[in-house]
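Letter by letter, the chains look like this.
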Amino acid sequence: MSLGKSLIHLKKENVEFLRLFFREYTYKVETVLFYRDQVPQMAYLLTSGLVQLKKNRNIINPPINSLIGIKELFSKDPSSYQASIMTPGTKVIGIDLFTCLLYTSYAADEEE
């Protein structure tokens, strides 16, 4: 299963910066962040634990510091996969569209 730009991996220092401004939420096992065919209301930054991205029988477990659902948030297209919490104590930061736009703009400037 290819997720293309559905995931962005953030540098540790950028994650620490975002932690200053956003609350980190701890979720129970099997909590669904967003369903397949749903447009996510925010992107989710995985800071610890395990999130499972599932499409039919294909499963991907994104690494820590991954921003999940960003492509769908930008495009307003329904997700082709379901994102679920898979381990107790998994922590994520929900990040709104405006902040994602600022971050990706900043990250692009940083790479030049």
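In case you missed it, the structure is sitting above this.
Residues numbered from 1 in each chain as written. Predicted model: local features only at pLDDT ≥ 70, side-chain atom pairs only at ≥ 80, totals over all residues. Heavy atoms only, no water.

A few points about the overall build of the protein chain
Here is step 1 of the chain: Of the regular secondary structure elements, the protein chain holds 3 helices and 9 strands.
Here is step 2 of the chain: By residue count, 36% of the 112 residues in the protein chain fall in the buried class.
Here is step 3 of the chain: Sequence separation of 24 or more characterises 79% of the internal contacts of the protein chain that already satisfy a separation of 6 or more.
Here is step 4 of the chain: Of the roughly 6700 Å² that the protein chain leaves accessible, carbon and sulfur atoms contribute 53%. (Helix = DSSP H or I, 4+ residues; strand = E, 2+ residues; numbered from the N terminus. Buried < 20%, exposed > 50% of the residue type's maximum accessible area, 1.4 Å probe, protein only. Contact = heavy atoms within 4.5 Å. Areas by Shrake-Rupley, 256 points an atom, 1.4 Å probe, with all protein chains shown as cover.)

Structural notes on empty space enclosed by the protein
Here is step 1 of the chain: For the structure shown, the criterion picks out 1 cavity of 30 Å³ or more.
Here is step 2 of the chain: Empty space within the largest cavity amounts to approximately 30 Å³.
Here is step 3 of the chain: Forming the boundary of the largest cavity are Leu10, Leu18, Leu67, Ile95, Thr99, Cys100 and Tyr103.
Here is step 4 of the chain: When its residues are assigned to classes, the lining of the largest cavity shows 6 nonpolar, 1 polar and no charged. (1 Å grid on protein atoms, 1.4 Å probe; cavity = no way out; pocket = protein on both sides within 12 Å on 5 of 7 lines; lining within 4 Å. Points joined across faces, edges and corners; volume = space filled by probe spheres on them. Nonpolar A, V, L, I, M, F, W, Y, C, P; charged D, E, K, R; others polar.)

A few points about the packing of aromatic side chains
Here is step 1 of the chain: Using the criterion set out here, one finds 3 aromatic pairs in the structure.
Here is step 2 of the chain: One aromatic cluster is present, formed by Phe34, Tyr44 and Tyr81 through successive ring pairs. (Phe/Tyr/Trp six-rings, centres within 6.5 Å; stacked < 30°, edge-to-face > 60°.)

Considering unusual backbone geometry
Peptide bonds are trans in most cases, and residues, glycine excluded, mostly fall at negative phi.
Here is step 1 of the chain: We note that aspartate 37 has phi near 70°; this positive angle belongs to a residue other than glycine.
Here is step 2 of the chain: The topology assignment puts aspartate 37 in the loop between strand E3 (32-34) and strand E4 (43-48).
Here is step 3 of the chain: Relative accessible area serves as the criterion here: at 60%, aspartate 37 is assigned to the exposed category.
Here is step 4 of the chain: Look at lysine 76: it is not a glycine, yet its phi comes out positive at around 60°.
Here is step 5 of the chain: Mapped onto the secondary structure, lysine 76 falls in the loop between helix H2 (70-75) and strand E8 (82-85).

Quick look at the pattern of salt bridges
Here is step 1 of the chain: The final tally for this structure, using the stated rule, is 2 salt bridges.
Here is step 2 of the chain: For arginine 19, the salt bridge identified is with glutamate 16, shortest N-O distance 2.7 Å. Of this pair, arginine 19 and glutamate 16 both sit in helix H1 (residues 12-19), separated by 3 residues, roughly a single helical turn.
Here is step 3 of the chain: Since its relative accessible area comes to 32%, arginine 19 is described here as partly exposed.
Here is step 4 of the chain: Taken together, the salt bridges that share partners define one network made up of Glu16, Arg19 and Glu24. (Salt bridge = Lys/Arg side-chain N within 4 Å of Asp/Glu carboxyl O.)

Some thoughts on the sheet that holds strand E9 (residues 90-95)
Either a parallel or an antiparallel arrangement is found when strands of a sheet pair, and the pairing is made through backbone hydrogen bonds.
Here is step 1 of the chain: Reading across from one edge, E1-E7-E4-E9-E2 is the order of the 5 strands in this open sheet, with antiparallel pairing throughout. Edge strands, defined here as strands with exactly one partner in the open sheet, are strand E1 (7-9) and strand E2 (24-27). Adjacent strand axes in the sheet meet at a mean angle of 35°, parallel and antiparallel pairs treated alike.
Here is step 2 of the chain: In terms of strand pairing, E1 meets strand E7 (residues 66-68) through 3 bridges, oriented antiparallel. Along E7, the bridge assignment pairs leucine 7 with isoleucine 68.
Here is step 3 of the chain: In the packing of H1 onto the sheet, the strands contacted are E2, E4 and E9, and the crossing angle to E4 comes to about 105°. (Pairing = 2+ DSSP bridges. Axes fitted to C-alpha atoms, helices over the stretch in contact; angles between N-to-C directions.)

Any link to function would need more than the numbers given here.
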